[in-house]
Amino acid sequence: MRCDVDRPLMELRGVSKRFRRSGGNSLFQSTFEAVRDVSLTVRRGETLGIVGESGCGKSTVARVMMGIERPTRGEVWFDGVRIDRLSQRALRPLRPRFQMVFQDSASSLNPRKTVGALIAAPMRFHGVARGAAARERTAALLDTVGLPAAMALRYPHELSGGQRQRVCIARALALNPELLVLDEPVSALDVSVQAQVLNLLRDLQAKLDLTCVFIGHGLGAVRYVSDRIAVMYMGRVVETGPAEALFARPAHPYTRALLDAAPSADYALRDRPRLTLAGEPDETPPPGACSLCRRCPLADDACLRHDDALRPVPGEEGRQAACARGMKDAASGIE
């Protein structure tokens, strides 16, 4: 049963996730925070995009949302239920309501099972359908994602990358979920296939009234499917807001740097001034300072006293950023 439409479907509150580094003596292993104090709200019927470079914590956020990883600190809520405290057994009845599509479709699918068996497996496990009913629903799901029913008899290695990802999407839809978390679902595909899958996701979101979290590092793909976007840097969300406003007027230098680094087909934009970050990501910024301050060409002494807390962007409803200077320049763009 669908519940209160005014309540967020998924919510992270101050979530942090710490991991041990691999290798070395286990008694003296250091740790690192992949995600730091992340708060996100996913509203019903929208697509929230999460974007950032590799290693920024995007996939960890997705795994925390799904209950695959438990947060070191913070809370994870799904439709008013705090799920990070639930045992796997207690979480099982909620599982059909939120599903995930992973980046690597090849490793997501058991090579020993046919496509039909893979799609029907969650239906049998949760007692939704068996036998002829499961086969009928499998055929319908394949049609929904643009694949012929005969594909059910094939094995994953017989499919192209785009076809495998469509099978993964069909399997995720088998239980009629309310929330679909997509972790870089098109990054391993050719550009032309990416466009087909992105169009499919937009059609499914509208047709099935899905709520989606779309994670990626390709800005064009994230912008195309998202209503709102959260930009992550070094485990933290540094800017959030409506997709079009965020792309048109970035309020954080890191967002601007991402946009400037993206290729453009518009020749008029190729010689525009660009903001370039210096050096490599800094895991240990000065205490109480902005985590980007050592790389940002706009940084000044005030940045050493300005932490990464999100603050409302003046005059921009629904937007937040973690850069005081960027917020002042958002209206006219950072120069």
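Because the structure is a prediction, the values reported are computed rather than measured.

**Concerning the packing of helix 6 (residues 161-173) against helix 7 (residues 191-208)**
For any two helices packed against each other, one specifies the inter-axial angle together with the distance between the axes. Their axes nearest at 10 Å, the elements helix 6 and helix 7 cross at an angle of 15°. Of the possible angle classes, the one that applies to helix 6 and helix 7 is roughly parallel. In the crossing of helix 6 with helix 7, the sense of the turn from one axis to the other is right-handed. The segment helix 6 lies against helix 7, with Gly162, Arg166, Ile169 and Leu173 engaging Val193, Gln196, Val197, Leu200, Leu201, Leu204 and Leu208.

**With respect to the sheet that holds strand 5 (residues 81-82)**
Taking strand neighbours across the sheet as the criterion, the 4 strands line up as 2-1-4-5 in an open arrangement whose pairing is antiparallel. At either margin of the open sheet sits one strand with a lone partner, and together these are strand 2 (31-42) and strand 5.

**As for the nonpolar core**
When a protein is soluble and globular, its nonpolar side chains tend to lie buried together. Of all hydrophobic cores here, the largest spans 62 residues; its most connected members are Ile119, Ile169, Leu180, Phe214, Ile229, Val231 and Tyr254. Broken down by element, this core gets its largest block of residues, 6 residues, from helix 6. Excluding anything up to four places from it in sequence, isoleucine 229 contacts Leu48, Gly49, Val51, Val222, Arg223, Glu239, Thr240, Gly241, Ala243, Leu246 and Phe247. In terms of nonpolar packing, the next biggest core, distinct from the first, is built from 30 residues, Val42, Ile50, Phe78 and Met100 among them.

**Examining helix 1 (residues 58-66)**
Of all 9 residues that make up helix 1, 7 are buried, and the element is covered over most of its length. Taken together, the buried positions of helix 1 are Lys58, Thr60, Val61, Ala62, Val64, Met65 and Met66. Two residues or fewer after helix 1 comes glycine 67, characterised by a positive phi angle close to 80°.

**With respect to the sheet that holds strand 7 (residues 179-183)**
A sheet is described by the order of its strands in space; here 8 strands give the open sequence 6-7-8-3-9-10-12-11, paired in mixed fashion. Of all the strands in the sheet, just strand 6 (98-101) and strand 11 (311-312) have a single pairing partner and so form its edges. Summarising the sheet, strand 11 and strand 12 (residues 320-321) pair through 2 bridges and their orientation is antiparallel. Opposite proline 312, over in strand 12, you have glutamine 320 as the bridge partner. Each of strand 3 (47-51), strand 6, strand 7, strand 8 (211-216) and strand 9 (228-233) is contacted by helix 1, which is oriented at about 150° to strand 6, the strand it contacts most. Along the sheet, helix 10 (residues 253-261) makes contact with strand 9 and strand 10 (236-242), crossing strand 9 at roughly 100°.

Basis of the calculations
In this numbering scheme, every chain counts its residues from 1 along its sequence in written order. Local features in this predicted model are restricted to residues whose pLDDT is 70 or higher, and side-chain atom pairs enter the listing and the counts only when it is 80 or higher, whereas totals over whole chains, interfaces and linings include all residues. As a rule here, side-chain values cover all heavy atoms of the structure and leave hydrogens and water aside. Helix axes are fitted to C-alpha atoms over the stretch in contact, other axes to C-alpha atoms as well, and angles between N-to-C directions run from 0 to 180 degrees. Counting from the N terminus, the helices are DSSP H or I runs at least four residues long and the strands are E runs at least two residues long. Orientation labels follow simple angle bins: below 35 degrees gives roughly parallel, above 145 gives roughly antiparallel, 65 to 115 gives roughly perpendicular, and whatever is left gives oblique. The handedness criterion is simple: a crossing whose near helix is rotated anticlockwise from the far helix by less than a right angle is left-handed, and one whose near helix is rotated clockwise is right-handed. Between two residues, a contact is recorded if the distance between any of their heavy atoms is within 4.5 Å. In this description, strands pair whenever DSSP reports at least two bridges between them. Nonpolar cores are built from buried Ala, Val, Leu, Ile, Met, Phe, Trp, Tyr and Cys residues. Side-chain atoms within 4.5 Å join them into one set. Each residue is placed in one exposure class: buried if its accessible area under a 1.4 Å probe, protein chains only, is under 20% of its type's maximum, exposed if it is over 50%, and partly exposed if it falls in between.

From the geometry alone we can't say anything about function, so treat these as descriptive.
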